[in-house]
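Single-letter residue listing:
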Amino acid sequence: MILPIIAYGDPVLRKKGNDVPKDYPKLEELIDNMWETMYNANGVGLAAPQIGLPVRLFLVDTTPFSKDEDLTEEEKKKLDGFKKVFINAYIEEETGKEWAFSEGCLSIPDIHEDVSRKDTVTITYVDEDFKKQTETYDGLLARVIQHEYDHIEGILFTDKLSSLKKRLLKGRLTNISKGNIRADYRMRFPKQKKGR
Ligand SMILES: [Zn+2]
């Protein structure tokens, strides 16, 4: 089932996510619905707060990024088919040089801005069988994971922009929260007036 994606301005996007207990009701169904919602919106990642649940759950499929002609064959191979569910994730360490990449977000349609992040991330999480995993990623894989991880910490990529950039974007962000935009997927807008 495709779920509406929560737009910028909703307080749920600002909550620090709680851990997902092993007996979380209908977790499998929730994950299925999140995949469907993400693919329908052509995203490479989706976090539970974006569908209204403040819990530590996000999923990533970087396959669309593997089509980028500017990447090396090795990079393409890493991104192609990388599909993973991260439950109760905690970043252990971020290392390496910061680099800028133009990020976007399904909760913030039509806005893309360069965000600087460290190149390498080590993350601990449990998989769908609640088996503990610790893994290290770099490059674009790390980038997507860092962006989604921020969501379960209540952080959005626009928080990481300069104060000038934030000021310039303010009007557009307000319009998004009011629903004064066109997105080609289902969304829920926190400040939309009823009857529209
Ligand atoms: Zn996002």
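Residues numbered from 1 in each chain as written. Predicted model: local features only at pLDDT ≥ 70, side-chain atom pairs only at ≥ 80, totals over all residues. Heavy atoms only, no water.

Asker: Help me understand unusual backbone geometry, please; the structure alone is not making it clear to me.
Answerer: Although it is not a glycine, Lys26 sits at a positive phi angle of roughly 55 degrees. Mapped onto the elements of the fold, Lys26 is located in the loop between strand E1 (5-6) and helix H1 (27-40). Given the relative accessible area of 63%, Lys26 is considered exposed. The phi torsion at Asp110 lies on the positive side, around 70 degrees, for a residue other than glycine. (Helix = DSSP H or I, 4+ residues; strand = E, 2+ residues; numbered from the N terminus. Buried < 20%, exposed > 50% of the residue type's maximum accessible area, 1.4 Å probe, protein only.)

Asker: Please explain the coordination of the zinc ion as it appears in this structure.
Answerer: For a metal with four tetrahedral donors the ideal donor-metal-donor angle is 109.5 degrees, whereas six octahedral donors ideally subtend 90 or 180 degrees. Note on the zinc ion: its protein donors are Cys105 (SG), His147 (NE2) and His151 (NE2). The metal-donor distances range over 2.1 to 2.3 Å. As a motif over one chain, the donors of the zinc ion read C-x41-H-x3-H. With Cys105 in strand E4 (residues 83-105) and His151 in helix H3 (residues 139-152), this pair connects stretches of sequence that are 46 residues apart. As far as burial versus exposure is concerned, Cys105 and His151 are alike and both buried. (Donors = N, O, S within 2.8 Å, 3.2 Å for Na, K, Ca; no water.)

Shape descriptors only; they carry no functional weight alone.
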